[in-house]
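As a plain string of letters, each chain reads:
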Amino acid sequence: TTNKDYVICLIGSATHVLTSMLTVSKNRVHFVGIDGSNGRYYGQNAKVSLGVTTAATDIGTILNTGVRNSFTNIKFVNSNTVAEGIYCVVEGGEYTVYDRCEIYKETDLNETTASEMVMNGDSCQVINCTIGSSANLLVGDIIRANVRMTGGLAGAGKKARDVIFENCRFLKKAAGTASCYFYASAATDVERMFHIKNSLFYNSKLASGDPAQCVIATSAQTEGDILIDNCTSINNTKLSTSTGVAIAGPVPTYATTGIAVVS
């Protein structure tokens, strides 16, 4: 029932396998993965997975459009091969919280527009999460961002508004320089604030290429601002050189703040 703050507990003894995308359209519903720990950054006991389907509507493992829902201590995986199923978590709700979740799209490693997460949420907060994987090599020098902000992917009129990612790990095993961790393709994909704080962009040492930028906005944002705040990058060339992406951190060097250097 919507607006009742119901809590749905997911046991961790087996994977919760879906046969179609789970659409969460009700409000104030809270999904919690049961675990012996207080919460894991990745490898959570409670795992929700979508396998191979044939429906074009199965664009991801889960689509959230509700208000003030939350997801805690859950691993989300998508292994679908249907042409439209190129995402894992598709966020189009309001004031959603993802806390200590792992999000991974394990197929479509050769699909430039695939992503672990679509962020079209209003005031969404993603905290202590791991998005992507450093294990599987991408196929070809493609974008395949971990998080895609392209407006409308979660529904008509949906876009990233007042979003924060804090204390997250974005993992990748790139095959060239084109790949990135955040990607916005249009000038209006971000509205108001988009804040990436105290997080790690990690490209595997075993990758065959280093991304040129961690955050790419192909057009300068006309309705909002993207801020990379005190973040660290390993095996990537620069945090961002895109017009309008602001970088704050302890080292006041344009586009290289937070880059980890081998001494």
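Residues numbered from 1 in each chain as written. Predicted model: local features only at pLDDT ≥ 70, side-chain atom pairs only at ≥ 80, totals over all residues. Heavy atoms only, no water.

A. Broad picture of the environment of Thr222. Its place among the elements puts Thr222 in the loop between strand E21 (215-217) and strand E22 (224-229). Those residues in contact with Thr222 that lie beyond four places of it in its chain are Ala187 and Thr188. (Helix = DSSP H or I, 4+ residues; strand = E, 2+ residues; numbered from the N terminus. Contact = heavy atoms within 4.5 Å.)

B. Geometry of unusual backbone geometry. A positive phi angle, close to 60°, is found at Tyr95, a residue other than glycine. Here the phi dihedral of Asn167 falls at roughly 55°; this positive angle occurs in a residue that is not glycine. Along the chain, the position of Asn167 falls in the loop between strand E16 (160-166) and strand E17 (169-172). For Asn167, a relative accessible area of 27% corresponds to the partly exposed category. (Buried < 20%, exposed > 50% of the residue type's maximum accessible area, 1.4 Å probe, protein only.)

C. Molecular detail of the pattern of salt bridges. Within the structure shown, the criterion is met by twelve salt bridges. In this structure, Lys105 engages Asp108 in a salt bridge whose closest nitrogen and oxygen atoms are separated by 3.0 Å. Note on accessibility: Lys105 and Asp108 belong to one class, buried. For Arg161, the salt bridge is made with Glu191, and the minimal N-O distance between the two is 3.1 Å. Linking Arg161 in strand E16 with Glu191 in strand E19 (residues 190-197), this pair joins segments that are 30 residues apart in sequence. We classify Glu191 as buried; its relative accessible area is 18%. Counted as one network, the salt bridges with shared partners bring together Asp122, Lys159, Arg161, Asp162, Glu191, Arg192 and Glu223. (Salt bridge = Lys/Arg side-chain N within 4 Å of Asp/Glu carboxyl O.)

D. The arrangement of the pairing of E17 in detail. Burial of the side chains of E17 extends over both faces: Arg169 and Leu171 are buried on one face and Phe170 and Lys172 on the other. Note: strand E14 (residues 130-132) against E17, three bridges, orientation parallel. In the sheet register, Gly132 faces E17, and the bridge partner there is Leu171. (Pairing = 2+ DSSP bridges.)

E. Quick look at the nonpolar core. Counting residues in hydrophobic clusters, the biggest one holds 43 residues, and the most contacted among them are Phe165, Phe182, Phe194, Ile196 and Phe201. When contributions to this core are tallied by element, the ones reaching two or more residues are strand E4 (29-33), strand E12 (117-119), E16, strand E18 (182-184), E19, E21 and E22. Among the nonpolar cores identified, the runner-up in size contains nine residues, and Met21, Ile59, Val90 and Ala154 belong to it. (Core = buried A, V, L, I, M, F, W, Y, C linked by side-chain atoms within 4.5 Å.)

F. Molecular detail of the sheet that holds strand E6 (residues 62-64). The strand order E3-E6-E9-E12-E15-E18-E21 describes an open sheet built from seven strands, whose pairing is parallel. On the outer flanks of this sheet lie strand E3 (22-24) and E21, each paired with one strand and no other. Where E3 lies against E6, three bridges are found, and the strand directions are parallel. What sits directly across from Thr23, in E6, is Leu63.

G. How the structure looks around the packing of aromatic side chains. The final tally for this structure, using the stated rule, is eleven aromatic pairs. With 5.8 Å between their ring centres and 35° between their planes, Phe165 and Phe194 make a pair best called tilted. Of this pair, Phe165 sits in strand E16 while Phe194 sits in strand E19, and the two are 29 residues apart along the sequence. An aromatic cluster is present here, built from Phe165, Phe170, Tyr181, Phe182, Phe194 and Phe201 joined pairwise through their rings. Its guanidinium or amino end placed over the ring of Tyr95, Arg68 lies 4.4 Å from that ring's centre, counting from NZ or CZ. A cation over a ring is seen here: Arg169 above Tyr41, with NZ or CZ 4.1 Å from the ring centre. (Phe/Tyr/Trp six-rings, centres within 6.5 Å; stacked < 30°, edge-to-face > 60°. Lys NZ or Arg CZ within 6 Å of the ring centre and 35° of its normal.)

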